[in-house]
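Chain by chain, the residues run as shown.
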Amino acid sequence: MKKYYDTLGLKKGASQEDVQAAYDKLSSELDPSKNNNEAFFVEEYKKVQEAYAALSNSSILATDKGARTRHNNNPILDLPQKSISNTPETSPFRKTKSKIAIVLIPTVLFVVGMIAYQLFKPDKFLKKDTIVVDGVTKNKFNLRPITGIIKGYGTYKEGLKEGHHDKWNEKAVKIAEGEYASGLKIGYWQYYYDDGQLKKEENYKNGLKDGLFKFWSTKGILIAERNYTADTLVGINKSWSKKGLLQQVADYDSDFTQTFDNNGKNTYEGSFIQIANSWTSKQYRNTRSSLSLAP
């Protein structure tokens, strides 16, 4: 019997109250269900149950009162059972409902999406069926500003260009593309020669040039680089010949410029305004423009 007392951490001859208290304490601490059902706790728990059963059979706990108490703390009933999932078994009916839902929900969403698309899809127009009046694109048949898409060109809202747009020449070659907001150019734009060769890159803000501008020859040689703020030239601006030789560097902020000949020799250095006065000029849209020999 000594080993059973030792298992419960008691001295031989301990009172039944001590046996009961030791058992309650150890069975709670060593309960495998509280310790991830680890093998060590399962084994120790069995030893505690065995010791309790042995000491109970040899004591007052074996009386009618003790038997009732022992039944309530039955070692066999207290032993951890095999892990059983708490999840109720899924019935075939519930499985069938789940499969139906998996198929039905995407189908319903698709149908709803198609109906919404048909109801709210933008109107489409052909270029030949529209006309521009005072900057507003209208339906040629009823003269109402269009809201929708002109095929191959872009989107319009109340007759004004919106979002990405393409421009084409008479030969159906794209000559420009970029973004609009409320009919005004914004962001990055590209322009092309009739053969598709890149011609210009420009940046816009609220319809005005704002940022870097680049210009290429028909052979793809960079011949001009400009900087704009609200359609006004600012900062450093450069020009190259059609052979790619640097011809001019002008600082529009400090009114200082340098010009170079075809051998790269500096031919002028000084005021940009002063040298501009010697250039020819012409009228263009009521604006007088000075023209240099460089592009």
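All figures in this text were calculated on a predicted structure; none of them were measured in a lab. (Residues numbered from 1 in each chain as written. Predicted model: local features only at pLDDT ≥ 70, side-chain atom pairs only at ≥ 80, totals over all residues. Heavy atoms only, no water.)

Peer 1: Looking at this structure, how should I read the overall build of the chain?
Peer 2: Scanning the chain for helices and strands turns up seven helices and 19 strands. The 295 residues of the chain split such that 28% are buried. Of the contacts made within the chain by residues no fewer than 6 positions apart, 16% connect residues no fewer than 24 positions apart. For the chain, the accessible surface area stands at approximately 20200 Å², while carbon and sulfur atoms represent 55% of it. (Helix = DSSP H or I, 4+ residues; strand = E, 2+ residues; numbered from the N terminus. Buried < 20%, exposed > 50% of the residue type's maximum accessible area, 1.4 Å probe, protein only. Contact = heavy atoms within 4.5 Å. Areas by Shrake-Rupley, 256 points an atom, 1.4 Å probe, with all protein chains shown as cover.)

Peer 1: I keep staring at the pattern of salt bridges and nothing clicks. Help me out?
Peer 2: Where side chains of opposite charge bring their charged atoms close, a pairing between them can arise. Counted by the stated rule, this structure contains eight salt bridges. Residue Lys 174 pairs with Asp 166 through a salt bridge whose shortest N-O separation is 4.0 Å. Across the pair Glu 202 and Lys 200 runs a salt bridge, and its minimum N-O distance is 3.4 Å. Note on accessibility: Glu 202 and Lys 200 belong to one class, buried. In this structure, a network of salt bridges that share partners links the residues Asp 166, Lys 174 and Glu 177. (Salt bridge = Lys/Arg side-chain N within 4 Å of Asp/Glu carboxyl O.)

Peer 1: Whenever I open this one, the side chain of Asn 139 confuses me. Can you help?
Peer 2: Turning to its location among the elements, Asn 139 is positioned in strand β3 (residues 136–139). At 2.9 Å, the side chain of Asn 139 and the backbone nitrogen of Phe 141 are in polar contact. Residue contacts for Asn 139: discarding those within four places in its chain leaves Phe 125, Asp 129, Arg 144 and Ile 146. (Polar contact = N/O pair within 3.5 Å; in protein donor to acceptor, adjacent residues only side chain to side chain.)

Peer 1: Even after reading the chapter, I still don't get the nonpolar core, so can you show me in this structure?
Peer 2: Soluble, globular proteins show a tendency: their nonpolar side chains are buried together. Grouped together as the largest cluster of nonpolar side chains are 17 residues, with contacts concentrated most on Tyr 5, Leu 8, Leu 10, Val 19, Leu 30, Val 48 and Leu 55. Contributing elements (two or more residues each) for this core: α1 (2–7), α2 (16–29) and α3 (39–57). Among the elements that take part in this core, α3 stands out by supplying seven residues, more than any other. Residues contacting Leu 10, with those up to four places away along its chain left out, are Tyr 5, Asp 18, Val 19 and Ala 22. Of all hydrophobic cores here, the second largest spans five residues; its members include Ala 176, Tyr 180, Trp 189 and Tyr 204. (Core = buried A, V, L, I, M, F, W, Y, C linked by side-chain atoms within 4.5 Å.)

Peer 1: Looking at this model, I keep getting lost on the environment of Lys 214. Mind explaining?
Peer 2: In this structure, Lys 214 sits in strand β11 (residues 211–216). Sequence-wise, Lys 214 and Lys 200 are 14 residues apart; in three dimensions their C-alpha atoms are separated by 5.5 Å. With sequence-adjacent residues up to four places away left out, Lys 214 is seen in contact with Lys 199, Lys 200, Glu 201, Leu 222, Ala 224 and Glu 225.

Peer 1: How should the confidence of the model for the chain be read in this particular structure?
Peer 2: Interpreting fine coordinate detail is not advised for predicted regions of low pLDDT. The pLDDT averaged across the chain works out to 82; a share of 79% of its residues lies at or above 70. Here residues 60–71 is modelled with pLDDT under 50, and outside its nearest four sequence neighbours on either side it reaches 17 contacts, counting other chains as well. Contacts for the low-pLDDT stretch residues 73–85, under 50 throughout, to residues beyond four places or in other chains number 19 contacts. (pLDDT = per-residue confidence, 0-100.)

Peer 1: Help me out: how do you make sense of unusual backbone geometry in this one?
Peer 2: Backbone geometry follows two general trends: most residues other than glycine have a negative phi, and most peptide bonds adopt the trans configuration. Located in the positive-phi region is Asp 134, a residue other than glycine, with phi close to 50 degrees. Here Asp 134 shows up in the loop between β2 (130–133) and β3. A positive phi angle, close to 60 degrees, is found at Ala 172, a residue other than glycine. Structurally, Ala 172 is set in the loop between β6 (160–168) and β7 (174–181). Under the relative-accessibility criterion, Ala 172 is labelled exposed at 57%.

Peer 1: Is there a simple way to explain the pairing of β7 in this structure?
Peer 2: Here β6 runs beside β7; their pairing, made up of six bridges, is antiparallel. Residue pairing across strands places Trp 168 opposite Lys 174, the latter belonging to β7. Two successive antiparallel strands, β6 and β7, enclose a turn made up of five residues, where Ala 172 displays a positive phi of approximately 60 degrees. In the sheet, β7 pairs with strand β8 (residues 184–192) via five bridges, with the strands oriented antiparallel. Its bridge partner being in β8, Ala 176 is matched across the sheet by Tyr 191. Hairpin connection of β7 to β8: two residues between the antiparallel strands, including Ser 182 at a positive phi of 55 degrees. (Pairing = 2+ DSSP bridges.)

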